[in-house]
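Read off the chains here:
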Amino acid sequence: MYAEIRLDNMSATTDGSKLVSARYHNGTAYTAVQNGSILKLDSLISGEKEIWKAIAPTANDTLGKLFVVTTPEVMYDATKVNFNEFVNAAGANVRGHIIEKGDVFSVTAEAFDAVPDLTTNKYLEVASAITFKRASSATNARFDLIAVETVGTKTFYVLRAL
């Protein structure tokens, strides 16, 4: 099972300059990546004018360089019919929305290293494992969990970029 993402109120939905195309590189090779992953823009890929090499973020990276993977879920395997079965293949171009302060989006539990909650673990930071992780304090946080919503059988965790 893979993460699902919902774009609730992101600036990139109305400003096309905040949409990016990229390929995730884990430091050794281009690797598969799920939607809802947090990546960092590194550099344009040699010979490309719009496709970036994306790498795992660090805690000190600024929001303007971070993006969330938001590739439309087009599955070529007819046996896969659910969004949580979709993953971006290794070496495939992914679509991403650059994250700006105040952006709101929702992801399922698979996008976290540990599922947050609204009372004690609502502040999140980025992890080098390209998932969201609990922040030790609000001071270190990049994201704030503002709601938990159930849609059908899915639970979405609504995040706001700080």
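The rules behind the values
Residues numbered from 1 in each chain as written. Predicted model: local features only at pLDDT ≥ 70, side-chain atom pairs only at ≥ 80, totals over all residues. Heavy atoms only, no water. Core = buried A, V, L, I, M, F, W, Y, C linked by side-chain atoms within 4.5 Å. Buried < 20%, exposed > 50% of the residue type's maximum accessible area, 1.4 Å probe, protein only. Helix = DSSP H or I, 4+ residues; strand = E, 2+ residues; numbered from the N terminus. Contact = heavy atoms within 4.5 Å. Phe/Tyr/Trp six-rings, centres within 6.5 Å; stacked < 30°, edge-to-face > 60°. Salt bridge = Lys/Arg side-chain N within 4 Å of Asp/Glu carboxyl O.

## A few points about the nonpolar core
Argument step 1. Of all hydrophobic cores here, the largest spans 20 residues; its most connected members are Ile99, Phe105, Val107, Phe132, Phe143 and Leu159.
Argument step 2. Broken down by secondary-structure element, the contributors of at least two residues to this core are strand S5 (66-69), strand S7 (104-107), strand S8 (123-126), strand S10 (143-151) and strand S11 (154-161).
Argument step 3. Broken down by element, this core gets its largest block of residues, three residues, from S11.
Argument step 4. Contact partners of Phe105, with chain neighbours within four places excluded, come to Ile5, Arg6, Leu7, Asp8, Met10, Val68, Ile99, Phe132, Phe143, Tyr157, Val158 and Leu159.
Argument step 5. Ranked by size, the runner-up nonpolar core spans twelve residues in total, among them Ala22, Val33, Ala54 and Ile98.

## Topic: the packing of aromatic side chains
Argument step 1. For the structure on display, the rule yields five aromatic pairs.
Argument step 2. When the centroid spacing of 5.6 Å and the interplanar angle of 40° are considered together, the rings of Phe112 and Phe132 count as tilted. Taken as a pair, Phe112 in the loop between S7 and S8 and Phe132 in strand S9 (residues 132-134) lie far apart in primary sequence, 20 residues in all. Accessibility classification places Phe112 together with Phe132 in one group, the buried group.
Argument step 3. Ring geometry for Phe112 against Tyr157: centres 5.4 Å apart, planes inclined by 75°, an arrangement best described as edge-to-face. Taken together, the residues span a long stretch of sequence, with Phe112 in the loop between S7 and S8 and Tyr157 in strand S11 at a distance of 45 residues.
Argument step 4. Under the relative-accessibility criterion, Phe112 is labelled buried at 6%.

## Section: the pattern of salt bridges
Argument step 1. Inspection of the entire model under this criterion finds ten salt bridges.
Argument step 2. Between Glu48 and Arg23 there is a salt bridge, with the nearest N and O atoms lying 3.7 Å from each other. Highlighted residues: Glu48 in the loop between strand S3 (38-44) and strand S4 (51-55) and Arg23 in strand S2 (residues 19-24), separated in sequence by 25 residues.
Argument step 3. On the basis of relative accessibility, which here comes to 31%, the residue Glu48 falls in the partly exposed class.
Argument step 4. The partner of Asp42 in a salt bridge is Lys53, with the nearest N and O atoms 3.9 Å apart. Separated by eleven residues along the polypeptide, Asp42 in strand S3 and Lys53 in strand S4 bring together distant segments of the chain.
Argument step 5. Lys53 sits in the partly exposed class, given a relative accessible area of 24%.
Argument step 6. Among the ionic contacts, a cluster of salt bridges with common partners joins Arg6, Asp8 and Glu149.

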